[in-house]
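# Understanding the architecture of this molecule
Spelled out, the chains give:
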Amino acid sequence: MTVSQRRRAATAAALASSVEWYDYFVFGIAAALVVGKTFFPTTNPAAGVLASFATFAVGFLARPLGGIIAGSLGDKRGRKPVLVMAIALMGAATTLIGLLPTYDTIGITAPIILVLLRLVQGVAVGAQWGGAMLLATEYAPPGKRGLYGSLVQLGVPIGVVLANTVFLIAAQVAPPSDFLTWAWRIPFLAGILVLGLAWYLHVKIDETPEYRRAEAKLAAEERGRAKSPLREVLRHHKGTVLLAGGSFMVNTATFYILLNGVLDYATRHLGMSRTTVLVATLLISTLQLAIIPLSAKLSDRIGRLRIYTLGAAGVALWAIPMFLLIDTASLPLFVVASFVGSLFLGIMYGPQAALFAELFTAEMRYTGASLGYQISAVVGGGLAPFIMVLLLESTGTSMSVSLYIIVLALISLGSIGLLAKRARAARSTSDSHDRAREAVGDQP
């Protein structure tokens, strides 16, 4: 395998992740600013926002389904074709949302179709992450799996930057009165460009080396007794999947709180400018482009779980100061609060792709890693903005949101601790087997 092949695959994986997350985050921004007013009109603004964020959460409920379907196909038929399918599906769903008539035009049919298209987006992103992650990590040279995996993770801040930028442009080119009528559609209609990337992946990128090596084993199993990757994962690795999901829960929840929940909170409760908050989010996401690969590279040297623990502990400690600063409605303090929170999220996010890939063997890696990631997305990320609005409306204080983040951080830290314990036990067992082989003259 040449250096050029590695770089081309890594670049393609990063692009695939970026455009998928762009399409996914565009809906999140629209949920905070537009969807409640155009698809769920009501005299109670909070009720409209809750309905909007509930639709946002629907996409997360579909993500495990996408992970299961893509995982089974990706472990049996290859990483590349499933990734191409996921990208094409996301591009089609996002474009159709941009063309969808609103409640004022077709009534209740509008939010029904919107929910269905959001489900399709969820299936697509659930299928995409595992494929892009494996395309990068399974092409990685020895000792650089964390760094190569972080290129896929960079798709998240790149997607956020692109989504915020396109929304800012849409807000600038149209008067405020036109933003809710047609300008909000511009970011969604850009989704049609994603189909070009799907074609590029199909034509220019080869299947990953690790999957090709696993094909012979898979072919032998199919000649004998075919095994379902999902069945094998749930039968023998269910605990690992659940711990992987738990370890990432605080990251994905806090991310969507900062990206979508705080956007609604800052504009509706604190009276901050929509444009100001979007620009601040854009700048902070740009800084993550440096944090993520640095933490991933460090994880290649000192271990994934150590870096992971540092990030999760930081989120727990920063949860209360973060909202105390946001509540001042001061732009500089808002930026500090969001940046430090995003810093700890980036520290966790950098090594996450490599960590999840290393938890499973190549024959079941797509299924196992996708399930772990998507479980955390449903329980943590999808419901986080919705839960944030409920907590704010019921308690009247943002400290309730801070406590919610701290509880999730404790769950993540506990899961990380158990994963570390399993890793130590596995190393101990491996060392015992090596010593036993050496004792009878059998070299490992």
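Residues numbered from 1 in each chain as written. Predicted model: local features only at pLDDT ≥ 70, side-chain atom pairs only at ≥ 80, totals over all residues. Heavy atoms only, no water.

Cut-off, in case you're wondering: UniProt positions are given in the numbering used here, feature names are shortened, and annotations may be inferred rather than shown by experiment.
Under the annotation held in an unreviewed UniProt entry, the protein chain carries the name MFS transporter and is attributed to Amycolatopsis regifaucium. The protein chain has a UniProt comment under Subcellular location (unreviewed entry) that states "Cell membrane".

## Remarks on the packing of aromatic side chains
Put simply, the rule reads: Two aromatic rings, drawn from Phe, Tyr or Trp (for Trp, its six-membered ring), form a pair once their centres lie within 6.5 Å of each other, and the interplanar angle then sorts them: stacked below 30 degrees, edge-to-face above 60, tilted otherwise. A run of DSSP states H or I qualifies as a helix once it reaches four residues; a run of E qualifies as a strand once it reaches two. Both are numbered from the N-terminal end. Type-normalised accessible area, obtained with a 1.4 Å probe on protein chains alone, sets the label of each residue: buried when under 20%, exposed when over 50%, and partly exposed for intermediate values.
Applying the stated rule across the entire model yields nine aromatic pairs. A ring pair is formed by phenylalanine 167 and phenylalanine 179, whose centres lie 6.2 Å apart and whose planes are at 55 degrees; its orientation type is tilted. Taken as a pair, phenylalanine 167 in helix H7 (residues 155-173) and phenylalanine 179 in helix H8 (residues 176-179) lie far apart in primary sequence, twelve residues in all. The same class applies to phenylalanine 167 and to phenylalanine 179, which are both buried. Taken together, Phe27, Phe39, Trp184 and Phe188 form an aromatic cluster joined through their ring pairs.

## What to know about the side chain of asparagine 251
Let me state the cut-off plainly: The contact criterion used throughout is that any non-hydrogen atoms of two residues lie within 4.5 Å.
Locating asparagine 251 in the fold gives a position in helix H13 (residues 238-269). Apart from residues no more than four positions distant in its own chain, asparagine 251 is found in contact with Leu345, Met348 and Tyr349.

## Digging into the pattern of salt bridges
Put simply, the test is: When a carboxyl oxygen of Asp or Glu is within 4 Å of a side-chain nitrogen of Lys or Arg, the pair counts as a salt bridge.
A full pass over the atoms with the stated rule returns four salt bridges. The shortest N-O distance in the salt bridge between aspartate 264 and arginine 268 comes to 2.9 Å. Of this pair, aspartate 264 and arginine 268 both sit in helix H13, separated by four residues, roughly a single helical turn. Take aspartate 264: its relative accessible area is 3%, and that puts it in the buried class. Since its relative accessible area comes to 30%, arginine 268 is described here as partly exposed. Ionic pairing is found between aspartate 300 and arginine 304, a salt bridge with its closest N-O pair at 2.6 Å. One network of salt bridges, in which partners are shared, links Asp264, Arg268 and Glu393.

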